[in-house]
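Chain by chain, the residues:
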Amino acid sequence: MARSERARIVAQYRAAKDVGDLGWGLELLLAAVEYDAAHPGEPRLMDVLRNAGADVKAVA
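Residues numbered from 1 in each chain as written. Predicted model: local features only at pLDDT ≥ 70, side-chain atom pairs only at ≥ 80, totals over all residues. Heavy atoms only, no water.

Helix and strand counts for the protein come out as three helices and zero strands. For the protein, the α and β elements follow one another from N to C terminus as α-α-α. The buried share among the 60 residues of the protein stands at 28%. The long-range share in the protein, meaning contacts at least 24 apart out of those at least 6 apart in sequence, stands at 50%. Roughly 4,100 Å² of accessible area belongs to the protein as shown, and the carbon and sulfur atoms make up 59% of that amount. (Helix = DSSP H or I, 4+ residues; strand = E, 2+ residues; numbered from the N terminus. Buried < 20%, exposed > 50% of the residue type's maximum accessible area, 1.4 Å probe, protein only. Contact = heavy atoms within 4.5 Å. Areas by Shrake-Rupley, 256 points an atom, 1.4 Å probe, with all protein chains shown as cover.)

Here Arg 6 shows up in helix H1 (residues 3–19). Of the buried charged residues, Arg 6 lacks a salt bridge, with Glu 42 as the closest side chain of opposite charge at 4.3 Å. Dropping the residues within four chain positions of it, Arg 6 is found in contact with Met 1, Glu 42, Pro 43, Arg 44, Leu 45 and Val 48. (Lys, Arg positive; Asp, Glu negative; His and termini not counted. Salt bridge = Lys/Arg side-chain N within 4 Å of Asp/Glu carboxyl O.)

Before going further, it helps to spend a moment on the packing of H1 against helix H2 (residues 22–38). How two helices pack is summed up by the angle between their axes together with the distance between the axes. The N-to-C vectors of H1 and H2 enclose an angle of 150 degrees; their axes lie 8 Å apart at closest approach. Classified by the angle their axes make, H1 and H2 are roughly antiparallel. Viewed along their axes, H1 and H2 form a crossing whose handedness is left-handed. Every residue of H2 that contacts H1 at Ile 9, Gln 12, Tyr 13, Ala 15 and Ala 16 is listed here: Trp 24, Gly 25, Leu 28 and Leu 29. Partitioning the contact of H1 with H2 into residue classes produces seven nonpolar, two polar and no charged. (Axes fitted to C-alpha atoms, helices over the stretch in contact; angles between N-to-C directions. Parallel < 35°, antiparallel > 145°, perpendicular 65-115°, else oblique. Left-handed = near helix turned anticlockwise from the far one by under 90°. Nonpolar A, V, L, I, M, F, W, Y, C, P; charged D, E, K, R; others polar.)

Written as structure tokens, this is what we have:
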């Protein structure tokens, strides 16, 4: 996955967490799980989103 695409997904996840849109956040998490399963040789997107979620929780 291109770095810009990964950054876009992380930004969307942070935005979903900021506005409290659990459905949107869950949709992004599920897409990350599916992507990771389909691309086992790449860095895990789910790990990136988990860290992004932790950052949002720390700020809130």
